[in-house]
Every structure is written in C-alpha cells, then in structure tokens.
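# Working through the structure, step by step
Here are the chains, one letter per residue:
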Amino acid sequence: MLLSVIIGVCFVGTLTGENIGYFWHISDFHLDIRYGNSSEGLGKEYFLGGYDEGCWTEKRGVFGDYNCDSPLALIQSATLFMKDYPNKNNKNVDFIVWTGDDTAHADESVFTREEVIETIKVISENIATVGLPVFPALGNHDIIPKNQFPTPDSWTIYYESVAEVWNQTLDIDNNVLDQFRSNGGFYKYSLPGTPKLTMVSLNSNLWYKSNHQVQGMADPADQFSWLEDVLNSTQTEGEKVLIFSHIPPGKFERFYQFCGEEKGCDLNGGYHGFHWLSEDFNNRYLEL
C-alpha cells in the first residue's frame, strides 16, 4: 500500500510570505477494486509484492493493510482530508500535482484495458471532489501491460481515452488535454502571475528501462527535444519551472538492495542502488 499524499510548498521571486504558495502532491493510489472480494476466486498468486490473503477475507482492514493495495475507502478518506485541510489550517492550496500509478500491483491477466481506464476514472472522480485544478502525470501502472507505454502514433486511443476521462472529471485546461493527446502523455502549462510558473508534466514511462515499446528509439515521442525547447524558452522569459513525473532520474537507493545483472546496474551490481530509467535516457535527463 503505497498511497502518498504530501502538501508541497512553492515560491517565486524572493522568499517572502506573499510569494509562498501551497500545492498537493499525490501519487501511487494503486486502487485494488477487488479488495475484500474473494468471490472472483483470485488468490495472492495473482498479485505482486507479497500480498496477504487478508486482503480478500474478513480479516481485512476497512482502510487497507500494510501488505495490500488501496481499497476505495482509503482513497475517499485521503481526498476528504485534502478537501478539509486548507480550511482547518488556514492555508490556501492552489492546485494538485498527481503523478499516477492508479491500478493494483497485479499480473496482467487480471486486468483489461477497459478496467484500467475505469480505475483511472474512479480515482479522478474522487480527486475532483477536492475542488482544485489538477496537473496529472502518468505512472507505469496506468497502462496494460504495465510499463509498456507507446508513442502517440502507435496507440492513439490510449492517450485519447485517458484525456477524455480527465476532461469529464477534473478541473483541467483544454490546452493541457490537447497537448497530452498529441504529444503522447506530456504537456506544459503556464500559471498566471508575475513571474509566471510553468508546469511541466513528463511521461517518464517513455524512458523507463522496462518499457520495451521504445527500445532502439533515440528520443521517444521527441520528448527530450520538446523539453529542451520548453526550458530554453522559459529561461529566456525568466519564468520559473516545476517539472514533475512518475519516475525520477538518478539512482534508487532504497534499502541499498542488491541490483544484480537483471536490474541493468553498473559497477557489476552490488548494494549501491540502481536507476529506473534506461541509462542513456537517465544521463541525458540529468544533463539538461
């Protein structure tokens, strides 16, 4: 159960009270629509990450369990907290950054494409109740098969389907949705104000080492070229930029777990972490 709800702070110009703003960052809801339902006959062998049988029996907790993905009740509780928090704490929260990973950690045989889109819709409907503009980014568990994100010309309907869900449910600008559809899951948006703050949402799944759809491509969907152009133009205009995505660059050092050859680690593996992005993409991103 990896649901993350964080209140972030952003500021422009000098660090004064007038220039400080707040936003929500939410990620990894991993909604398990089968939570507590053993009638489908699915055991933990279908689910990844040491699932507990209690997720589908009377032993389950209403709001989840350490070894389970999120039930709907947990997501509803989280979004209700987000809605009530500003009023109770005298903080004006301006927007939501949502960095994806909506479906459960499950074998592909459990899901259909339609179910993945429906899961995104259910979570979107709950986020919409917070009543704030939303800037989403796709996670590697937001497609089926997981991790296999296409460029926009190879599976146009996927990006169109997700954009249509967001158009129906979220407070999101039409220009953002148009870019999302045509680019292949990434976009930019300039918030009003002086100086401006440009939101840049990347589809980092196109650079993910487990994405076999883009192997051999130098710049999937031309996302690097697009990002370089955005950064050059915002620098010229003196704008601030907030870049966000599901998969970060750099190294993953949690537990310093053993990499092994299958992780594609450098230094012949070992307890030193590894990067999630393909090596060339990871290096190019860090050099920007």
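The structure this text deals with has already been given above.
One structure accompanies this document, and this report is about it.

Now for the packing of aromatic side chains. Given two aromatic rings, their pairing is described by the distance between the two centres and the angle made by the two planes. Taken as a whole and judged by the stated rule, the model has 16 aromatic pairs. Between the aromatic rings of tyrosine 208 and tryptophan 276, the centroid separation amounts to 6.2 Å while the plane-to-plane angle is 55°, which identifies the pairing as tilted. A residue pair is termed long-range when its members are at least 10 positions apart, and tyrosine 208 in the loop between β6 (197–201) and α5 (223–237) and tryptophan 276 in the loop between β7 (240–244) and α6 (279–287) qualify at 68 residues. The class for tyrosine 208 is buried, based on a relative accessible area of 8%. An aromatic cluster of three or more residues is present, and its members are Trp98, Phe149, Tyr158, Tyr159, Trp166 and Phe180.

Taken in spatial order, the three strands line up as β5-β6-β7 in an open sheet, and their pairing is mixed. The sheet terminates laterally at β5 (187–191) and β7, the two strands that pair on one side only. Averaged over all pairs of adjacent strands, the angle between strand axes in this sheet comes to 20°, irrespective of strand direction.

A word on α5. Side chains three or four residues apart in an α-helix point the same way, a direct result of the helix having 3.6 residues per turn. Compared with the 21 Å implied by 1.5 Å per residue over 15 residues, the 21 Å span of α5 between its first and last C-alpha is a close match. Within the sequence span of α5, burial applies to Gln223, Phe224, Trp226, Leu227, Val230 and Thr234. When α5 is viewed along its axis, its buried side chains cluster within an angular range of 160° and face the same direction. Turned more than 90 degrees off the buried face of α5, the exposed positions are Asp229, Gln235 and Thr236. Residues of α5 that are buried sit in contact with α4 (174–183), β5, β6, β7 and α6.

Okay, empty space enclosed by the protein next. Going through the model one piece at a time under the given rule, you end up with one cavity of 30 Å³ or more. Empty space within the largest cavity amounts to approximately 60 Å³. In this structure, the largest cavity is lined by Thr103, Ala104, Ala106, Glu108, Phe111, Val116, His141, Ile143, Ile144 and Lys146. Per-class residue counts for the lining of the largest cavity are six nonpolar, two polar and two charged.

What follows is about the side chain of histidine 30. Looking at the secondary structure, you find histidine 30 in the loop between β2 (20–27) and α1 (72–89). In this structure the side chain of histidine 30 is engaged in a polar contact, spanning 3.3 Å, whose partner is the side chain of aspartate 28.

Basis of the calculations
Residues numbered from 1 in each chain as written. Predicted model: local features only at pLDDT ≥ 70, side-chain atom pairs only at ≥ 80, totals over all residues. Heavy atoms only, no water. Phe/Tyr/Trp six-rings, centres within 6.5 Å; stacked < 30°, edge-to-face > 60°. Helix = DSSP H or I, 4+ residues; strand = E, 2+ residues; numbered from the N terminus. Buried < 20%, exposed > 50% of the residue type's maximum accessible area, 1.4 Å probe, protein only. Pairing = 2+ DSSP bridges. Axes fitted to C-alpha atoms, helices over the stretch in contact; angles between N-to-C directions. Expected span 1.5 Å × (residues − 1). Arc of directions from axis to C-beta. Contact = heavy atoms within 4.5 Å. 1 Å grid on protein atoms, 1.4 Å probe; cavity = no way out; pocket = protein on both sides within 12 Å on 5 of 7 lines; lining within 4 Å. Points joined across faces, edges and corners; volume = space filled by probe spheres on them. Nonpolar A, V, L, I, M, F, W, Y, C, P; charged D, E, K, R; others polar. Polar contact = N/O pair within 3.5 Å; in protein donor to acceptor, adjacent residues only side chain to side chain.

Everything listed here is a matter of geometry and, on its own, says nothing about what the molecule does.
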